[in-house]
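Summary of the model geometry
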Protein chains: 2
Amino acid sequence: MKYEEDDLIILGHGSGGALTNQLIKDVFQDAFGNPILDELLDAAVLEVGGGRIAFTTDSFVVDPIFFPGGDIGTIAVCGTVNDLAVSGAEPLYLSSGFIIEEGLPIADLRRIVQSMRESAKDAGVHIVTGDTKVVDRGSADKVFINTAGIGVIPDGRLLSPRRMEPGDVVLISGTMGDHGLTILAQREGLSFSTPVESDCAPLNRIAKAILEAGGDGVRCMRDPTRGGLATTLNELAVQSKRGILIQEEEIPLRREVVGACEMLGIDPLYLANEGKVIAVVAPSVADSVLEAMRDLPEGKGSVKIGQVLGEEEGLVLLETDLGATRILGMLEGEPLPRIC
Amino acid sequence: MKYEEDDLIILGHGSGGALTNQLIKDVFQDAFGNPILDELLDAAVLEVGGGRIAFTTDSFVVDPIFFPGGDIGTIAVCGTVNDLAVSGAEPLYLSSGFIIEEGLPIADLRRIVQSMRESAKDAGVHIVTGDTKVVDRGSADKVFINTAGIGVIPDGRLLSPRRMEPGDVVLISGTMGDHGLTILAQREGLSFSTPVESDCAPLNRIAKAILEAGGDGVRCMRDPTRGGLATTLNELAVQSKRGILIQEEEIPLRREVVGACEMLGIDPLYLANEGKVIAVVAPSVADSVLEAMRDLPEGKGSVKIGQVLGEEEGLVLLETDLGATRILGMLEGEPLPRIC
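Each value, and the rule that gives it
- Residues take numbers from 1 onward in each chain, read along the sequence in its written order.
- Each chain is given a letter, starting from A, and each ligand a number, starting from 1, according to the order in which they appear as written.
- Reporting of local features is limited, given that this is a predicted model, to residues whose pLDDT is at least 70; pairs of side-chain atoms are given and counted only at 80 or more, and all residues count toward the totals for whole chains, interfaces and linings.
- Heavy atoms from the whole structure form the basis of all side-chain values; hydrogens and water molecules are not counted.
- UniProt positions are given in the numbering used here, feature names are shortened, and annotations may be inferred rather than shown by experiment.
- Only runs of H or I of at least four residues qualify as helices and only runs of E of at least two qualify as strands under DSSP, and these elements are numbered from the N terminus.
- Each domain span listed reflects an automatic or database assignment of domains.
- Here a residue-residue contact requires only that any non-hydrogen atoms of the pair lie within 4.5 Å.
- Defined in terms of a 1.4 Å probe, buried area is the accessible area two parts forfeit on being brought together, summed over both.
- A carboxyl oxygen of Asp or Glu within 4 Å of a side-chain nitrogen of Lys or Arg is what we treat as a salt bridge.
- Type-normalised accessible area, obtained with a 1.4 Å probe on protein chains alone, sets the label of each residue: buried when under 20%, exposed when over 50%, and partly exposed for intermediate values.
- Any two strands between which DSSP finds at least two bridges are classified as paired.
- Here, axes are lines fitted to C-alpha atoms. For helices the fit covers the stretch in contact, and angles between N-to-C directions go from 0 to 180 degrees.
- Two N or O atoms form a polar contact when they lie within 3.5 Å of each other; inside protein one atom must be a possible hydrogen donor and the other a possible acceptor, and for residues adjacent in sequence the pair counts only when both atoms belong to side chains.
- When the copies are overlaid, the least-squares fit takes in C-alpha atoms only where the residue has pLDDT of at least 70 in both copies.
- Expected helix span is given by 1.5 Å per residue-to-residue step, counting one fewer step than there are residues.
- Note on aromatic contacts: the rings of Phe and Tyr and the six-membered ring of Trp form a pair at centre separations within 6.5 Å, being stacked when their planes are under 30 degrees apart, edge-to-face when over 60 apart, and tilted otherwise.
- We count a charge as sitting over a ring when the NZ of a lysine or the CZ of an arginine lies within 6 Å of the ring centre and within 35 degrees of the ring normal.

In the annotation of an unreviewed UniProt entry, the entry for chain A reads Carbamoyl phosphate phosphatase, hydrogenase 3 maturation protein, and the organism field reads Syntrophaceticus schinkii. As recorded by UniProt, the Sequence similarities (unreviewed entry) comment attached to chain A reads in full: "Belongs to the HypE family."

The next subject is the UniProt feature "domain: PurM-like C-terminal" (unreviewed entry) in chain A. Under the UniProt annotation, the feature "domain: PurM-like C-terminal" (unreviewed entry) is placed at residues 165-313 of chain A. Taken end to end, residues 165-313 of chain A has its terminal C-alpha atoms 12 Å apart, with 38% of it in helix and 17% in strand.

Residue and element names in this part refer to chain A. The domains assigned to chain A are domain 1 (41-153) and domain 2 (161-327). On the domain 2 side, the residues contacting the 24 residues of domain 1 number 23 residues. Summed over both partners, the interface of domain 1 with domain 2 buries about 1,800 Å², with 63% contributed by carbon and sulfur atoms. Of all residues in domain 1, Pro68, Asn82 and Val86 give up the largest surface area on contact with domain 2, accounting jointly for 29% of the area buried on that side. For the interface between domain 1 and domain 2, the tally reads 1 salt bridge. Residues Arg222 and Asp42 are paired through a salt bridge, measuring 3.7 Å at the closest nitrogen-oxygen approach.

Let us now look at the environment of Leu40 of chain B. Residue and element names in this part refer to chain B. Counting through the fold element by element, Leu40 comes out in the loop between helix H1 (18-32) and strand S1 (44-48). The exposure class assigned to Leu40 is partly exposed, which follows from its relative accessible area of 36%. Each C-alpha atom, one on Leu40 and one on Phe192, is 38 Å from the other, the two residues being 152 residues apart in sequence. In contact with Leu40, other than residues within four places in its own chain, are Ile24, Gln29 and Gln239.

Residue and element names in this part refer to chain B. Spatial ordering of the open sheet is given by S1-S2-S7-S5-S6, a layout of 5 strands whose pairing is mixed. The open sheet has two edge strands, S1 and strand S6 (126-135), and neither has a second partner. The mean angle between the axes of side-by-side strands here comes to 20°, regardless of whether they run parallel or antiparallel. Pairing of S1 with strand S2 (residues 51-60) involves 5 bridges; the strand directions are antiparallel. Within the sheet, the bridge partner assigned to Leu46 lies in S2 and is Ile53.

Before going further, it helps to spend a moment on the interface of chain B and chain A. With 77 residues of chain B at the contact, the number on the chain A side is 77 residues. Contact with chain A buries surface across chain B, with Ile9, Phe32 and Ile106 of chain B losing the most and accounting together for 10% of the total. At the surface where chain B touches chain A, the tally comes to 8 salt bridges. In this structure, Lys133 of chain A engages Asp58 of chain B in a salt bridge whose closest nitrogen and oxygen atoms are separated by 3.5 Å. Taken together, the links from chain B to chain A amount to 26 residue pairs in polar contact (both at pLDDT 80 or more).

Let us now look at the relation of the copies chain B and chain A. Note on the copies: chain B fits chain A at an RMSD of 0.0 Å, the axial shift is 0.0 Å, and the rotation between them is 180°. Overall, the copies show the geometry of a two-fold rotation axis. Within chain B, the C-alpha atom positioned nearest to the axis of rotation is that of Ala140 of chain B, 2.0 Å from it.

We now examine the UniProt feature "domain: PurM-like N-terminal" (unreviewed entry) in chain A. Feature annotation in UniProt assigns "domain: PurM-like N-terminal" (unreviewed entry) to the following positions: residues 42-153 of chain A. Here residues 42-153 of chain A is 29% helix and 46% strand, with 14 Å between the C-alpha atoms at its ends.

It is worth spelling out helix H8 (residues 283-294) of chain B at this point. Counted at 1.5 Å a residue, the expected span for H8 of chain B with its 12 residues is 16 Å, and the 17 Å between its end C-alpha atoms agrees. Packing partners of the buried residues in H8 of chain B comprise strand S8 (169-172), helix H5 (204-214), strand S11 (278-281) and strand S12 (303-309) of chain B.

In total, this model carries 6 aromatic pairs over all chains according to the counting rule given. Ring geometry for Phe28 of chain A against Phe32 of chain A: centres 6.2 Å apart, planes inclined by 40°, an arrangement best described as tilted. Residue Phe28 of chain A and its partner Phe32 of chain A are located together in helix H1 (residues 18-32), separated by 4 residues, close to a single helical turn. Classification of Phe28 of chain A as buried rests on a relative accessible area of 7%. Given a relative accessible area of 8%, Phe32 of chain A falls into the buried group. Through a chain of ring-to-ring contacts, three or more aromatic side chains come together here, namely Phe28 and Phe32 of chain A together with Phe98 of chain B. The cationic tip of Arg111 of chain A hangs over the ring face of Phe66 of chain A; the distance from NZ or CZ to the ring centre is 3.7 Å.

All names here are of chain A. The strand order across the open sheet formed by 5 strands is S1-S2-S7-S5-S6, and the pairing between neighbours is mixed. Both outer strands of the open sheet, strand S1 (44-48) and strand S6 (126-135), are each paired with one neighbouring strand and no more. Averaged over neighbouring strand pairs, the angle between their axes works out to 20° when direction is ignored. In the sheet, strand S5 (residues 90-101) pairs with S6 via 9 bridges, with the strands oriented parallel. Paired with Ser95 across the bridge in S6 is Thr129. Of the strands in this sheet, strand S2 (51-60), S5, S6 and strand S7 (143-153) are in contact with helix H3 (residues 72-86), which crosses S2 at around 150°.

A word on the side chain of Ser115 of chain B. Residues and elements named next belong to chain B. With respect to the secondary-structure elements, Ser115 resides in helix H3 (residues 106-123). Taking the relative accessible area as the measure of exposure, Ser115 reaches 14% and is therefore buried. Not counting chain neighbours up to four residues away, the residues in contact with Ser115 comprise Asp71, Gly73 and Thr74.

The next subject is the pairing of S11 of chain B. All names here are of chain B. Here S11 shows no split at all, with Ile278 and Val280 on one side and Ala279 and Val281 on the other all buried. Here 4 bridges tie S8 to S11, and the two strands are oriented antiparallel to one another. When the bridges of S11 are listed, Leu171 appears paired with Ala279. Here strand S9 (residues 218-222) runs beside S11; their pairing, made up of 4 bridges, is antiparallel. Bridge pairing in S11 links Met221 to Ala279.

Right, let's get into the side chain of Asn146 of chain B. Structurally, Asn146 of chain B can be placed in strand S7 (residues 143-153). For Asn146 of chain B, the side chain forms a polar contact with the side chain of Thr57 of chain B, separated by 3.1 Å. Separated by 3.4 Å, the side chain of Asn146 of chain B and the backbone oxygen of Asp58 of chain B make a polar contact. Excluding residues that lie within four positions of it along the chain, Asn146 of chain B makes contacts with Thr57, Gly97 and Asn146 of chain A together with Thr57, Asp58, Ser59, Ser95, Ser96 and Gly97 of chain B.

Put into structure tokens, the structure is as follows:
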């Protein structure tokens, strides 16, 4: 589908789901198209100066800017570190670009910057270049942060959904939907007897452990952010031209997340995560990779949730708790704007 | 000076002038400080995989998004290409992060993206990774774009204000203030008998010509964007710990720019440029560099405007048309928000 002359941008274009993919295809790829961009990976892989580097960018517009488990600064560093890490790169350097609304308390800015410093230290990366713009009151909402990141990819490492084979195992590193639900609960003023926190955290340590344990048997990794587990799995299915079968009962969900999602009428499989990794690995290394993931605090809830199929090309199938199987589609529309 | 607990961000913090420098020092450097960031160059210089790369970022919030001579897309590509080029790097790859306000016509987005495509082609760079966020109506103003860029720095090349010596010559590539005045005129609804256009254009070709003609005699280059010629020269004076003497009558200014600035009560030396380069070169190569600059269409208005002093450390002196000499300070406050 092509956009009409008088079509407008709607919130769904920023969902990370089907509408975002359509906009990228019709507007951005159509103009910028080149073999590197067309891969549509979390990070571009570039040949520079005899080696390979990964290069990625994300803008962060999360509302509210402070939330349980982190703030816009935490997520701005972790989001970009994680895109590099799941690409198989060792994250090294970040840029940071601030767009600040006139009137933001400098104390808030300082708190955000302090979170960025801590997350960068935690991930072992350096923020080496930056930019600050200020816009008049009402032309932005408090603060937006862009980070771009550079990492080095070791020689010989190739992670790609194209390497996925029937029988490969799908692993995830813990509970789904915690970040998205936390943001939503903040906005809706919900409170829980057991508080829910964003999971935002750097994934480079667990990504490294996965690669060390699984070697060449690691086909690809992803972090299920905007659009959640369901949307990320759909992207993998499309890019690999394989089917993926997921067992619903294996997907770890916090009780509070399930309860709140039922109340709000949303599906936790479409909620963003900011500190979880999906790994698709060969069956021969699945157990050793799972063990390596569980050895880390950030991966202690790791589980197998499904496998790659030789059929159902491009589709994600969900085997429900009741034993039925249904298609798990990509996120449509935008239930939750400004989640990251 | 340290900020107080209840200080707020004001527009001047985004001016690129004295307030921006203070915010960077007190808030960002204090938290992120590392030897690469602390250089405060237009681009960070990184050792990656055996070679040196330059890495830079800028966010663009210009208002209006379309203006004579370009649009926010043109400037988003040229701004980052130029930061790489004046660092002595060959610009190669860009990222682009869009923050879009709900309701933006997709036709406007398409036009902006088309400008980015053309500027990237003109500069010989590829846009290889990107991100799109959409925020609700009223939470941003139409569209903001961040670009980050990567370039390669040839072995042995070292451009730095620290290499400036007394007697070095200051060259600029053409008229000052055209971009800033164009934006201002659009906002104020001013019109001119001879229309003024933004100068936004990639500088990598002229930067390369300067380096080829001047070799090791090229001390450093800068593009005088936010804060204009006066602010950029002040940064050079501070970073080089030298004085700089500028002859006012040598600075090329369009008649329309002079007239409009007089009417509006602003100084064209503080107006942003988006397609002009300042080069500080050894006297022995000044004439050959100037000739090489003038050989290019984007440098046909190139002139010598001053020289580096062995005294007046950290200051820029302006020898006026009347023969008097005064200190030309850094931009204070923010007369012109959202100029780029």
